[in-house]
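Report on the structure
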Amino acid sequence: MENLVPVPVDVKSSEADYTLTENTVIEVRDGEATGVAEYLAGLLRPSTGYELPIIEGSSTGPDGSISLRLAPDSSDIHSQGYRLQVNADGVQIRASEPAGLFAGVQTLRQLLPPAIEADTEQSAEWTVSGGRIRDYPRFTYRGAHLDVARHFFDVETVKQYIDYLAQYKVNHLHLHLTDDQGWRIEIDSWPNLTDEGADSEVGGGSGGYYTKEEYKEIVQYAQTRFVTVIPEIDMPGHTGAALESYAELNCDGEKRQEDTGTNVGDTSLCLDKEVTYEFIEDVISEVAEMTPGPYLHIGGDEAHTLSDKEYNDFMNCAIPMVIEQGKRPIGWHQILGADPPEQTIGQFWGTSSDAPEVAAAAEAGHELIMSPATDAYLDMKYNEDTELGLDWAGYTPVPDAYDWDPAGYIDGVDESSIMGPETALWSENIRTLSDIEFMLFPRFPGVAELGWSPEAKTDDWDEFKHRLAAQSPRWNVQDINYYQSPQVPWPGE
Ligand code: TNX
């Protein structure tokens, strides 16, 4: 119980371990817990080889069970929190919401031996460390972004990414679906976006896109893991793929050339044309329609060809369209300069704590998602010797990704304005799942802990590094391609 990531709020270890056997059952009382029970069974069955039936239990449950139950009296834990108790008779997880049970299941997973992560039957002693945990998140919002535009990642890869989020209690997936190099989401009213704008990527690969069905499949998969999908349609800049697909969206009326490079900031929709606003309204409404989550991200970064006034006027058209569709708008923090309605969320991606405009927007009531490029941009290289990634915000060695406070980063911003941290993974030179894993591990679990765990327990890298290192036997079983940073005291080879 001392090695958990993210570290729980309260932990009391005991000697009374529990051992899973072929007779163990998973006991639920309310239908609402069944989904989590099925997820847990799916996790435990392959490696244990046990049947682990899910049964609708009595009030006490049979001995030797893992019991998942919604307990409305969990008033001292947050709606996403849980209590977990392990003794010789079994495991009990209690929460007021299914999301809390799911978080408890992720903790239980880490209390089992690493071999539990295997997808084939293992012979192991399936012992769960005894004790009690009370746990809940510091921030309700914990996010991870993935750029599927610079390089396209298929549905299976995105599902694997979602599984990594869930493993470390991150509950929002932000998909950067459109950029200069590719348009990755089917839009019925503008079919060329995917007929013409999706078949390339950085370096000239074949690209790809999600059909509406595939997007829904991602959303549903995420839902079973209590992850909310946030689609991003970047505008008015970063729109090269749209400009390549439709001549009328360009001011000169000519289709833009396919873009396989990595320049940023040199494209914009044509703001003087009415068709531009019809276009974004159609896209926003179709994306909102296929997205059950409450948020829609409209980018707004690096529109370098526009004046501030042009940019602000555009955003003051686009933002109401998002609200009109019943979604809460998010934009990269520049969007706050347009003085949008208060519910608009700014995603901070700056590199300095001195950001008075952002602090003023927070003061005026805007909430912020924190992705400072110096710490949470997991597309930054670890150091000069690691090949993958970029370095415009500097290198981000493993301790740096942990050594910051989401609520304390920007001068003059109160914690109450912070929704939570979000890692970013841009994909200019990230091409495969293995590349993604290399950038994510071991930095991502650190940021995930900053989002979940109490501030007082997350300020000591020298303590954290041992818990982080203790995760690696699991990653080995999961076959994760993590960076073996010399700054982490990995268990002896
Ligand atoms: C800046 S961060 C960008 C992206 C790039 C990224 C590379 C942001 C809002 N825009 O277009 O991919 O840097 O790190």
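Data block above holds the structure.
Throughout what follows, the structure given in this document is the object of discussion. No experiment lies behind these values; they were computed from the predicted model shown.

The next thing to look at is the overall build of the chain. Helix and strand counts for the chain come out as 13 helices and 19 strands. The C-alpha radius of gyration of the chain comes to 23 Å, within 12% of the 23 Å expected for a compact globule of 493 residues. Projected onto its principal axes, the C-alpha coordinates of the chain cover approximately 75 × 45 × 40 Å. In the chain, which comprises 493 residues, the share counted as buried stands at 61%. Taking the contacts inside the chain whose residues are at least 6 apart along the sequence as the reference set, 73% of them involve residues at least 24 apart. When the 31 positive and 88 negative side-chain charges of the chain are each reduced to one mean point, those points stand 7 Å apart.

Taken together, 14 residues lie near the ligand, and Arg150, Tyr377, Asp379, Trp392 and Glu428 sit nearest. The separation between an oxygen atom of the ligand and a polar side-chain atom of Glu428 is 2.6 Å. Across the complex, the protein chains shield 98% of the 360 Å² of accessible surface that the ligand would expose by itself. Considered class by class, the residues forming the shell around the ligand number eight nonpolar, one polar and five charged.

With that settled, consider the pairing of strand β3 (residues 25-28). Burial along β3 is two-sided: the face carrying Val25 and Glu27 and the face carrying Ile26 and Val28 are both buried. With three bridges connecting them, β3 and strand β4 (residues 54-56) associate as parallel partners. For Ile26, the partnering residue across the bridge sits in β4 and is Ile54. Remark: the β3/helix α1 (residues 34-48)/β4 crossover connection has right-handed handedness.

Time to look at the state of the cysteines. Where two cysteines share a covalent bond between their sulfur atoms, that bond is called a disulfide. Tallying each qualifying case throughout the model produces one disulfide. The closest cysteine sulfur to the non-disulfide-bonded Cys317 is located on Cys270, 13 Å from its own sulfur. By relative accessible area, which is 34% here, Cys317 ends up partly exposed.

Taken across its eight residues, helix α11 (residues 433-440) has six buried, putting it largely inside the fold. All of the buried residues in α11 are Asp435, Ile436, Glu437, Phe438, Met439 and Leu440. Contacts made by the buried residues of α11 are with β10 (143-147), α3 (155-167) and α12 (443-452).

The next subject is helix α9 (residues 356-363). For α9, the full list of buried residues reads Val358, Ala359, Ala361 and Ala362. In a view along the axis of α9, the buried residues occupy a sector of 160°, so they form one face of it. Exposed and facing more than 90 degrees away from the buried side of α9 are Pro356, Glu357 and Glu363. Contacts from the buried residues of α9 go to β17 (345-348) and β18 (368-370). In the segment just after α9, Gly365 is the residue with positive phi, at about 115°.

Here we take up the packing of aromatic side chains. Here the structure, examined in full by the defined rule, presents 27 aromatic pairs. Each ring, one from Phe152 and one from Tyr210, has its centre 4.8 Å from the other, and the planes form 45°; the classification is tilted. Of this pair, Phe152 sits in the loop between β10 and α3 while Tyr210 is found in the loop between α4 (192-195) and α5 (212-224), placing the two residues 58 residues apart along the sequence. You can call Phe152 buried: its relative accessible area is 16%. Taking the centre distance of 6.3 Å and the plane angle of 90° together, the rings of Trp404 and Tyr409 count as edge-to-face. For Tyr409, a relative accessible area of 12% translates into the label buried. One aromatic cluster is present, built from ring pairs that chain together Tyr164, Tyr168, Phe441, Trp475, Tyr482 and Trp490.

All right, on to the pattern of salt bridges then. For the coordinates displayed, the defined rule picks out 22 salt bridges. With a shortest N-O distance of 3.0 Å, Glu117 and Arg109 are connected by a salt bridge. Like Glu117, the residue Arg109 is buried in the burial classification. When the shortest N-O distance is used, the salt bridge between Arg225 and Asp163 registers 2.6 Å. Of the two residues, Arg225 is situated in the loop between α5 and β14 (228-232) and Asp163 in helix α3; the sequence distance between them amounts to 62 residues. Per residue, the accessibility class of Arg225 equals that of Asp163, and both read buried. Look at the salt bridges and you will find they share partners, linking Arg138, Asp405, Glu415 and Glu455 into a network.

Another point: the layout of surface pockets. By volume, the largest pocket is sized at about 460 Å³. Lining the largest pocket are 19 residues, with Leu43, Arg109, Glu117, Asp163 and Gln478 positioned closest to its centre. Of all elements in the fold, only α1, α3 and α13 (461-478) reach the threshold of two or more residues within the lining of the largest pocket. Residue composition of the lining of the largest pocket, by class: eight nonpolar, four polar and seven charged. As for the second largest pocket, its lining consists of 20 residues, of which Ala99, Asn171, Phe226, Val227 and Thr228 are closest to the centre. Of the residues forming the lining of the second largest pocket, the biggest block, four residues, is contributed by helix α2 (residues 98-111). Here the residues of the lining of the second largest pocket are counted per class, giving ten nonpolar, seven polar and three charged.

The next subject is the side chain of Asp301. Secondary-structure assignment places Asp301 in the loop between β15 (295-297) and α8 (308-324). Buried within the structure, Asp301 lacks any salt-bridge partner; its nearest side chain of opposite charge belongs to Arg150, at an N-O separation of 6.1 Å. At a separation of 3.2 Å, a polar atom in the side chain of Asp301 contacts the side chain of His238. The residues touching Asp301, leaving out its near neighbours within four places in the chain, are Asp234, His238, Trp332, Gln334 and Trp349.

Cut-offs and rules
Residues numbered from 1 in each chain as written. Predicted model: local features only at pLDDT ≥ 70, side-chain atom pairs only at ≥ 80, totals over all residues. Heavy atoms only, no water. Helix = DSSP H or I, 4+ residues; strand = E, 2+ residues; numbered from the N terminus. Rg over C-alpha atoms; globule rule 2.2 N^0.38 Å. Buried < 20%, exposed > 50% of the residue type's maximum accessible area, 1.4 Å probe, protein only. Contact = heavy atoms within 4.5 Å. Lys, Arg positive; Asp, Glu negative; His and termini not counted. Charge placed at Lys NZ, Arg CZ, Asp CG, Glu CD. Near = heavy atom within 4 Å. Polar contact = N/O pair within 3.5 Å; in protein donor to acceptor, adjacent residues only side chain to side chain. Areas by Shrake-Rupley, 256 points an atom, 1.4 Å probe, with all protein chains shown as cover. Nonpolar A, V, L, I, M, F, W, Y, C, P; charged D, E, K, R; others polar. Pairing = 2+ DSSP bridges. Right-handed = clockwise from strand over helix to strand, strands pointing away. Disulfide = S-S within 2.5 Å. Arc of directions from axis to C-beta. Phe/Tyr/Trp six-rings, centres within 6.5 Å; stacked < 30°, edge-to-face > 60°. Salt bridge = Lys/Arg side-chain N within 4 Å of Asp/Glu carboxyl O. 1 Å grid on protein atoms, 1.4 Å probe; cavity = no way out; pocket = protein on both sides within 12 Å on 5 of 7 lines; lining within 4 Å. Points joined across faces, edges and corners; volume = space filled by probe spheres on them.

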